[in-house]
Amino acid sequence: MTFTHTVKATNGTNVKPSNKHTVEEFQEKSKNDQISLIMDWKEEHELLPDVLDRETVISLAKMTYNAYTEITDGDWYDLGENYGVNSSFGWEDDGVRGHVFSDEDNDLLIISIKGTSMGFGAGPTVPNDKFNDNLLFSCCCAKVDPTWTTVCDCHIKGFDCNMDCVQESVDVRERYYTVTRNLFKVIADSYPGAKVWLTGHSLGGALSALVGLTYGIPVVAYESPGERLPAKRLHLPGPPALPYEKMNIWHIGHSADPIFMGVCNGISSSCYAGGYAMETKCHLGKSSMFDVIGKYKWHLNIQNHRIRVVIDSILDKWEWEYPEFLVESECEDCGAWNFIENLNS
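Under an unreviewed UniProt entry, the name given to the chain is triacylglycerol lipase, and the source organism is Gigaspora margarita. Quoted verbatim from the Catalytic activity (unreviewed entry) field of the UniProt record, the comment on the chain reads "a triacylglycerol + H2O = a diacylglycerol + a fatty acid + H(+)". According to the UniProt record, the Sequence similarities (unreviewed entry) comment for the chain is "Belongs to the AB hydrolase superfamily. Lipase family."

Following this line, the structure appears as structure tokens:
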């Protein structure tokens, strides 16, 4: 089925809880060390993003780019007359921002979430974006070395970290995951009959994946930092109960992006120099990695992380078949750290 001339859907299956307990209830019980809920899953036939269709992948990427800018800005990708902006959110605030794109009848809504804004003149969200990056994607509250100021009080000493403290810190009402989750609920409840997808670039892609996993919503994310670690800290379902291959979360990235590849860390990295503790690399769902180092002879560079580079220089110009989506097997984050539980009991 084609919703527009640029965004296509395909028949697939989606996995959702089959019993009376929601994922949110599962999270709450798990975090509070109450009873351990058994999450049974059922598979439902559903229309999913056709991530094997080149036009669809490029159109969703353009939506992620547009999430960084207001509609009236000249720097805006035209998505065609059949696909417009249903609504926007967050543009009066200094936090989560983006747009809701829809077809003419609002049968399909695509929520596009802005990623990290960086640099001089990048807008008022820069401090909040950076704080949430360092909270979600660092091993322990951005305790990279003794010179760094932490974003939560969970570091004990050396490579010892208070696990209970970290888990509590990522799921606070004002933090981006919770804000994005609440925004999604408001939008979805306003259109109860609509199909909803999520997309985003970088931090926006990771937030899309976390919220998508929470509610069983399809996600296409671009150049995201690894979000498996924050998903575990948020007590979201995962293997073995819910295998990665059954999550309808598709990550798209390339080999010359140090953030997507999980190597933008260490004293010589651009992330370190900018004060960003990007220490994760493992992604939820499945990932498709464009080998631009092998094909284009590019080098690892933080400038390659920009979504416009991905659209104009990779997705639009790729002369080969798009790479396959695969589970990132045997991937581990923060292996050097000791995460100590029940310190507060």
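## Re the state of the cysteines
Applying the stated criterion across every chain yields a total of 6 disulfides. Disulfide pairing is shown between Cys140 and Cys161; the S-S distance is 2.1 Å. The S-S bond linking Cys140 to Cys161 shows a torsion near 85°; that makes this disulfide right-handed. Here Cys161 lies in strand 7 (residues 160-162) and Cys140 lies in the loop between helix 3 (126-136) and strand 6 (155-157), a separation of 21 residues in the sequence. Across a sulfur-sulfur distance of 2.1 Å, Cys282 and Cys331 are joined as a disulfide pair. Linking Cys282 and Cys331, the disulfide has an S-S dihedral of approximately -90° and is accordingly described as left-handed. Here the residue Cys282 occupies a position in the loop between helix 9 (270-274) and strand 11 (286-290), and Cys331 occupies one in the loop between helix 11 (307-315) and strand 12 (338-340), the gap between them amounting to 49 residues. Given the relative accessible area of 1%, Cys282 is considered buried. Classification of Cys331 by relative accessible area gives partly exposed; the value is 25%. Cysteines bonded in the chain are numbered consecutively along the chain; their disulfide partners then correspond to 1-12, 2-6, 3-4, 5-7, 8-9, 10-11.

Reading the values: rules and limits
- Residues numbered from 1 in each chain as written.
- Predicted model: local features only at pLDDT ≥ 70, side-chain atom pairs only at ≥ 80, totals over all residues.
- Heavy atoms only, no water.
- UniProt positions renumbered as here; feature names shortened; annotations may be inferred.
- Disulfide = S-S within 2.5 Å.
- Helix = DSSP H or I, 4+ residues; strand = E, 2+ residues; numbered from the N terminus.
- Buried < 20%, exposed > 50% of the residue type's maximum accessible area, 1.4 Å probe, protein only.

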